[in-house]
Amino acid sequence: MPVQKTTKEDILLRCWEVINLHGYKGSSISMLAKAAGLGKAGLLHHFGSKEDLMHAVLVFSMDFFRDYVLAIADDEALPLEQRLEKMLRRQNRLAKIDQRGCFFTNVIMEMGQEGIHNELLMAFYDEWKQVFALLVGKVMPEEAAKEQAYLMLLQYEGAITLYKLTGDEMHLESFVGRYVQILTSAKNQLV
């Protein structure tokens, strides 16, 4: 039987799944290597250390999020409200995986005080906020759109927290409905 080659992307996806489920500190090198279909030495050969692997997993997950969620903002084939709703629903779909919530916030909550990946995470949150601001900015003045984008991220993380606590998807659905309505109202005021 021929040996199947594992790609770096496959390794990162499998490690992301383990870290999303168990957290960084709860994920041993053995667990990560087993999930990736490698030995510990093989995994460390690719990434050098667990911390370097975590950095690579963060970059991989951010790229995935950009492609899966944030890119929808540029889909001009969809009306503005549908773009926002599709983005928010995809965010929620990711948060519902094993009821884990937002991977990036989970990493911040676990590792933020150590400051190891804070710059990378802050840059990503700024990018996420800018995408929301550009979308909302199509129907609001620039400063109001920036403020609304900031509030969206805060309220999204609040909805995620309550969802993780209760398991009630209503918190996520309410968030989507509220922000689609805010965008629709702002658009209607322009007309």
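Here's a quick rundown of the structure. Numbers given to residues run from 1 along each chain, matching the order in which its sequence is written. Reporting of local features is limited, given that this is a predicted model, to residues whose pLDDT is at least 70; pairs of side-chain atoms are given and counted only at 80 or more, and all residues count toward the totals for whole chains, interfaces and linings. With hydrogens and water stripped out, all remaining heavy atoms of the structure feed into the side-chain values.

**Some thoughts on the overall build of the protein**
The helix and strand tally for the protein stands at nine helices and zero strands. The order of helices and strands in the protein, counted from the N terminus, is α-α-α-α-α-α-α-α-α. The rule is simple: take the accessible area with a 1.4 Å probe, protein chains only, and divide by the maximum for that residue type; under 20% is buried, over 50% is exposed, in between is partly exposed. Evaluated residue by residue, the protein yields a buried proportion of 42% over its 191 residues. Accessible areas in this description were obtained via Shrake-Rupley with a 1.4 Å probe; residue shielding takes into account the shown protein chains only. Total accessible area computed for the protein in this model is approximately 10500 Å², and 55% of it derives from carbon and sulfur atoms. If you average the places of the 21 positive and of the 25 negative side-chain charges in the protein, the two averages end up 4 Å apart. Numbered from the N terminus, helices here are DSSP runs of H or I no shorter than four residues, and strands are runs of E no shorter than two. Counted charges follow a simple rule, with Lys and Arg positive, Asp and Glu negative, and His plus the chain ends left uncounted. Here the site of a charge means NZ on Lys, CZ on Arg, CG on Asp, or CD on Glu.

**Quick word on unusual backbone geometry**
Negative phi values dominate among residues other than glycine, just as trans dominates among peptide bonds. One non-glycine residue, D98, lies in positive phi territory at about 55°. Of note, the phi angle at Q99 is positive, near 55°, even though the residue is not glycine.

**Notes on helix α5 (residues 80–95)**
Taking 1.5 Å of rise per residue, the 16 residues of α5 would be expected to cover 22 Å, and the 23 Å separating its terminal C-alpha atoms lies within 8% of that figure. Residues L80, E81, R83, L84, M87, L88, Q91, N92, L94 and A95 constitute the buried set of α5. Taken end-on, α5 shows its buried residues confined to a sector of 170°, consistent with a single buried face. Each helix should span, by expectation, one fewer than its residue count multiplied by 1.5 Å. To be clear, the arc concerns the directions from the helix axis to the C-beta atoms.

**Some details on the nonpolar core**
If you look at the biggest cluster of nonpolar residues, it comprises 62 residues, and the most contacted ones within it are M87, F103, F104, W128 and F132. When checking whether two residues touch, look at their non-hydrogen atoms; a contact exists if any pair is within 4.5 Å. Ignoring sequence-local partners within four residues, the contact set of M87 consists of V69, L70, I72, A73, V131, F132 and L135. For the purposes of this section, nonpolar cores are sets of buried Ala, Val, Leu, Ile, Met, Phe, Trp, Tyr and Cys residues that join through side-chain atoms within 4.5 Å.

In short, geometric facts, not functional conclusions.
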